[in-house]
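Fold and contact review
Spelled out from the first residue to the last, the chains are:
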Amino acid sequence: MIVVLSVVLAGLLAVIVRRETRSTGTATVAAARPLPAPEPTARPSTAQVRRATAELDRRSPGRDTSAWSVRGARARATSVPILMWHVVATPKPGTPYPDLWVTPEQFAAQVDALRGAGFTAVTTEDLWKAWHGTGTLPRHPVVLSFDDGDLSHVTNAAPVLARAGWPGVLNLAVNHLGPKGLPMWGARRLVREGWEIDSHTVDHLDLTTLDDAALAEQLTRSRMLIERRLGVSTRFLCYPAGRNDDRVRAAARQAGYVAATTVVPGIAAPTDDPFQLPRIRVGPTTTPESLVDQARGTAAPPTVVGPA
Ligand SMILES: [Zn+2]
């Protein structure tokens, strides 16, 4: 295990060094390098997987939206905080980008605080339908989004959300699907749990650096692969590291997406450009209280710009 982790770390460092030494190079060179994303969590033991699976089976309650009372003009005018997590696991000392990790205990406390404050989780599709007058929302909606695709989303985040009867939103970089990132069984389980799977492209590249053909491929191929491998269609995009510009947004629309999320801090409003929806970054230093304040809009979200 230590050997495997060392190899992963060495590889990651090599990528970072290469990126930095090439930073004055051409866009084409930069485009070939995936943007930084947190390293995958270590492989779980068979017992851990069995435990998580059993817990999810026991707790998959299905969604009950019958109590959602916000509809019509009120739904069309409702702003929704979209929260952003990355890895939900305890980082080992020396882990790159520790700010992208929250421990399972921190995550559970954050979700408990949101529930205690009256929030109810919805998907991006829920808010989209509400904003377009065809769907209802709960009184205090919130989207819980998870970037990249990591085993910890299945083993650590999903059971907490299942207990709440809440869906998550996975922003999946399709090349994270597999034994080194999010195993297929895990991705399928999230789908069965009612999670929404949105596109985070295929290779997690900086979309603003790609030529038109490569850009279109990242956008269309990711949708196609998500549909083919997981059996769900997605109309929502999350830009890797939030990187987007006019050309990227136009290409996203052209590829069939109807909205996209960024890493610009803020609460998403129906008056926003649907292709520039802000989010609220949640990290290890986000206390449950400050998260509630940020989701309510009574405290400003952090303006940290980092990997995503
Ligand atoms: Zn990402």
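Below or above, wherever it landed, is the structure these notes cover. A quick note: this is a predicted structure, and the numbers were derived from the prediction, not measured. The residue count restarts for each chain, going from 1 along the sequence in the order it is written. Where local features are concerned, this predicted model is filtered to residues with pLDDT of at least 70; where side-chain atom pairs are given and counted, the filter is 80 or more; whole-chain, interface and lining totals use all residues. Side-chain metrics in this entry use all non-hydrogen atoms of the structure; hydrogen atoms and water are not considered.

Some points on the side chain of Q110
Assignment of secondary structure puts Q110 in helix 5 (residues 104–116). Polar contact is defined as a pair of N or O atoms within 3.5 Å, subject to the rule that within protein one atom must be able to donate a hydrogen and the other to accept it, and that residues adjacent in sequence are counted only when both atoms are side-chain atoms. Within the structure, Q110 has its side chain in polar contact with the backbone oxygen of T286 (distance 3.2 Å). Note on contacts: a residue pair qualifies if any of its non-hydrogen atoms lie within 4.5 Å across the two residues. Leave out the neighbours within four places in its chain, and Q110 touches W85, V102, V282, G283, T286, P288 and L291. By definition, any uninterrupted DSSP run of H or I lasting at least four residues is a helix, any uninterrupted run of E lasting at least two residues is a strand, and each is numbered from the N terminus.

What to know about the packing of aromatic side chains
We call Phe, Tyr and Trp rings a pair once their centres come within 6.5 Å, taking the six-membered ring for Trp, and we label the pair stacked below 30 degrees between planes, edge-to-face above 60, and tilted otherwise. Evaluation of the coordinates by the stated rule reveals 5 aromatic pairs. Ring centres 5.7 Å apart and planes at 65 degrees place the aromatic pair F107 and F146 in the edge-to-face group. Here F146 lies in strand 5 (residues 141–148) and F107 lies in helix 5, a separation of 39 residues in the sequence. Judged by relative accessible area, F107 falls into the buried class, the value being 0%. A network of ring pairs unites the aromatic residues W85, F107, F146 and W195 as a single cluster. Directly above the aromatic system of Y257 lies the positively charged group of R223, at a separation of 5.5 Å from the ring centroid. For each residue, the accessible area found with a 1.4 Å probe, counting protein chains only, is set against the maximum for its type, and the residue is called buried under 20%, exposed over 50%, and partly exposed in between. Charge over a ring is defined by NZ of Lys or CZ of Arg lying within 6 Å of the ring centre and within 35 degrees of the ring normal.

Let's talk about the packing of helix 5 against helix 7 (residues 151–164)
In this analysis, axes come from line fits to C-alpha atoms, helices being fitted only over the stretch in contact, and the angle between any two N-to-C directions falls in the range 0 to 180 degrees. Where helix 5 meets helix 7, the axes come as close as 10 Å, and the angle between the chain directions of the two elements is 25 degrees. Taken together, the axis directions place helix 5 and helix 7 in an arrangement best described as roughly parallel. In terms of crossing hand, the pair formed by helix 5 and helix 7 is right-handed. Where helix 5 abuts helix 7, its residues P104, F107, A108, V111 and R115 lie against N156, A157, V160, L161, R163 and A164. In the scheme used here, Gly and all other residues not listed as nonpolar or charged are polar, with Ala, Val, Leu, Ile, Met, Phe, Trp, Tyr, Cys and Pro taken as nonpolar and Asp, Glu, Lys and Arg as charged. Among the residues forming the contact of helix 5 with helix 7, the class breakdown is 8 nonpolar, 1 polar and 2 charged. Any angle that falls under 35 degrees is termed roughly parallel, while one over 145 is termed roughly antiparallel, one within 65 to 115 roughly perpendicular, and all others oblique. In this scheme the crossing of two helices becomes right-handed for a clockwise turn of the near helix relative to the far one and left-handed for an anticlockwise turn of less than a right angle.

A few points about the packing of helix 5 against helix 11 (residues 288–296)
Across the interface, helix 5 lies against helix 11 with an axial gap of 9 Å and an inter-helix angle of 45 degrees. Judged by the angle between their axes, helix 5 and helix 11 are oblique. Of the two elements, helix 5 crosses helix 11, and the hand of that crossing is right-handed. For the pair formed by helix 5 and helix 11, the contact residues are A109, Q110, A113 and L114 on the first element and P288, L291, V292 and A295 on the second.

Comments concerning the pairing of strand 5
Among the 8 residues of strand 5, 8 are classified as buried, and the element is accordingly described as predominantly covered. We treat two strands as partners when DSSP finds at least two bridges between them. By the bridge criterion, 4 bridges tie strand 1 (residues 82–85) to strand 5 in an arrangement that is parallel. Of the residues in strand 5, the one forming a bridge with L83 is L144. Crossover handedness is defined here as right-handed if the route from the first strand over the helix to the second strand goes clockwise, with the strands pointing away from the viewer. Since strand 4 (residues 120–122) and strand 5 lie parallel, the crossover through helix 6 (residues 124–131) that links them has a hand, and here it is right-handed. Here strand 5 pairs with strand 6 (residues 169–172) via 4 bridges, running parallel. When the sheet's bridge partners are listed, S145 is paired in strand 6 with V169. In this view, the connection linking strand 5 to its parallel neighbour strand 6 by way of helix 7 has right-handed handedness.

Thoughts on helix 9 (residues 212–230)
By definition here, a helix of n residues has an expected span of 1.5 Å times n minus one. Taking 1.5 Å per residue, 19 residues should reach 27 Å; helix 9 reaches 27 Å between its end C-alpha atoms and fits that length. When helix 9 is considered as a whole, its buried residues turn out to be L215, Q218, L219, S222, R223, L225, I226 and L230. Positive backbone phi, approximately 75 degrees, marks G231, located one or two places after helix 9.

Focus: the pattern of salt bridges
The term salt bridge refers to a pairing of a side-chain nitrogen on Lys or Arg with a carboxyl oxygen on Asp or Glu at a separation within 4 Å. According to the stated counting rule, one finds 7 salt bridges in the structure shown. The residue E125 makes a salt bridge to K129 at a minimum N-O spacing of 2.8 Å. In this pair, E125 and K129 both sit in helix 6, 4 residues apart, roughly one turn of the helix. Taking relative accessible area as the criterion, K129 reaches 36% and is therefore assigned partly exposed. D212 is the partner of R247 in a salt bridge, and the nearest nitrogen-oxygen pair spans 2.5 Å. One end of the pair, R247, is in helix 10 (residues 246–254); the other, D212, is in helix 9, and 35 residues separate them in sequence. Assessed through its relative accessible area of 31%, R247 is described here as partly exposed. Taking the relative accessible area as the measure of exposure, D212 reaches 53% and is therefore exposed. A network of salt bridges, in which partner residues are shared, links D246, R249 and D273.

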